[in-house]
Amino acid sequence: MQFETLQTFVLEKLATGLSTAITYHNVEHTKSVMASAEKLARTANISETDLILLKTAALMHDFGFLQNHIEHEKIGSE
């Protein structure tokens, strides 16, 4: 799956599927983490392939909140 397709899917799910009780780990937080990761990566001159991997990790890091807030990191990594 191309990154742009994954990004659209994940951000839409986070925007519409998270409980309103989750006030920090929301879609805006995910966007901020992705932007910060990309800024640091560009400073470090990492390859475009590694940048996509890093952005994917940043995008997915809280995706597990859609299923379970306790093990969200494990779920997101899977």
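Residues numbered from 1 in each chain as written. Predicted model: local features only at pLDDT ≥ 70, side-chain atom pairs only at ≥ 80, totals over all residues. Heavy atoms only, no water.

Undergrad: Can you walk me through the side chain of His 29 in this structure?
TA: Following the sequence through the fold, His 29 ends up in helix α2 (residues 27–43). On the accessibility criterion, His 29 (13% relative accessible area) is buried. Residues contacting His 29, with those up to four places away along its chain left out, are Tyr 24, His 61 and Asp 62. (Helix = DSSP H or I, 4+ residues; strand = E, 2+ residues; numbered from the N terminus. Buried < 20%, exposed > 50% of the residue type's maximum accessible area, 1.4 Å probe, protein only. Contact = heavy atoms within 4.5 Å.)

Undergrad: Is there a simple way to explain the nonpolar core in this structure?
TA: Side chains of a nonpolar character, in soluble globular proteins, are inclined to be buried together. Counting residues in each nonpolar core, the largest one holds 13 residues, and the members touching the most others are Leu 6, Val 10, Leu 14, Met 34, Leu 59, Met 60 and Phe 63. Those elements that place two or more of their residues in this core are α1 (3–17), α2 and α3 (48–60). Among the elements that line this core, the one with the most residues is α1, at five residues. (Core = buried A, V, L, I, M, F, W, Y, C linked by side-chain atoms within 4.5 Å.)

Undergrad: Where do I start with the confidence of the model for the protein in this structure?
TA: Atomic detail in the predicted coordinates should be set aside for any region of low pLDDT. Averaged over every residue, the pLDDT of the protein is 83; residues scoring 70 or more account for 81%. Put simply, helix α4 (residues 72–77) is where the protein has its lowest mean pLDDT, 58, and α2 is where it has its highest, 92. (pLDDT = per-residue confidence, 0-100.)

Undergrad: How should unusual backbone geometry be read in this particular structure?
TA: The phi torsion of most residues other than glycine is negative, and most of the peptide bonds are trans. Of note in this structure, Asn 45 is not a glycine but carries a positive phi near 55°. Structurally, Asn 45 is set in the loop between α2 and α3. Take Asn 45: its relative accessible area is 67%, and that puts it in the exposed class.

Undergrad: Explanation requested: α3 in the structure shown.
TA: An α-helix turns once per 3.6 residues; consequently, residues spaced three or four apart project the same way. In this model, α3 (13 residues) spans 18 Å end to end at C-alpha, consistent with the 18 Å of a helix rising 1.5 Å per residue. Those residues of α3 that fall on the buried side of the exposure criterion are Leu 51, Lys 55, Ala 58, Leu 59 and Met 60. (Expected span 1.5 Å × (residues − 1).)

Undergrad: Any chance you could explain the packing of α1 against α2 here in plain terms?
TA: Pairs of packed helices are described in terms of their axes, by the angle between the two and the distance that separates them. Close contact between α1 and α2 brings their axes to 9 Å; oriented N to C, the two are set at 145°. Contacts from Phe 3, Gln 7, Leu 11, Leu 14 and Ala 15 in α1 reach Val 27, Thr 30, Lys 31 and Met 34 in α2. Residue composition of the contact of α1 with α2, grouped by class: six nonpolar, two polar and one charged. (Axes fitted to C-alpha atoms, helices over the stretch in contact; angles between N-to-C directions. Nonpolar A, V, L, I, M, F, W, Y, C, P; charged D, E, K, R; others polar.)

Undergrad: Explain the pattern of salt bridges here, please?
TA: Between side chains of opposite charge, a pair can form as their charged atoms come close. Within this structure, the stated rule accounts for four salt bridges. The partner of Glu 28 in a salt bridge is Lys 31, and the shortest N-O contact between them spans 3.6 Å. Of this pair, Glu 28 and Lys 31 are both found in helix α2, three residues apart, which corresponds to roughly one turn of the helix. Ionic pairing is found between Arg 42 and Glu 48, a salt bridge with its closest N-O pair at 3.0 Å. Because the salt bridges share partners, they merge into one network encompassing Glu 38, Arg 42, Glu 48 and Lys 55. (Salt bridge = Lys/Arg side-chain N within 4 Å of Asp/Glu carboxyl O.)

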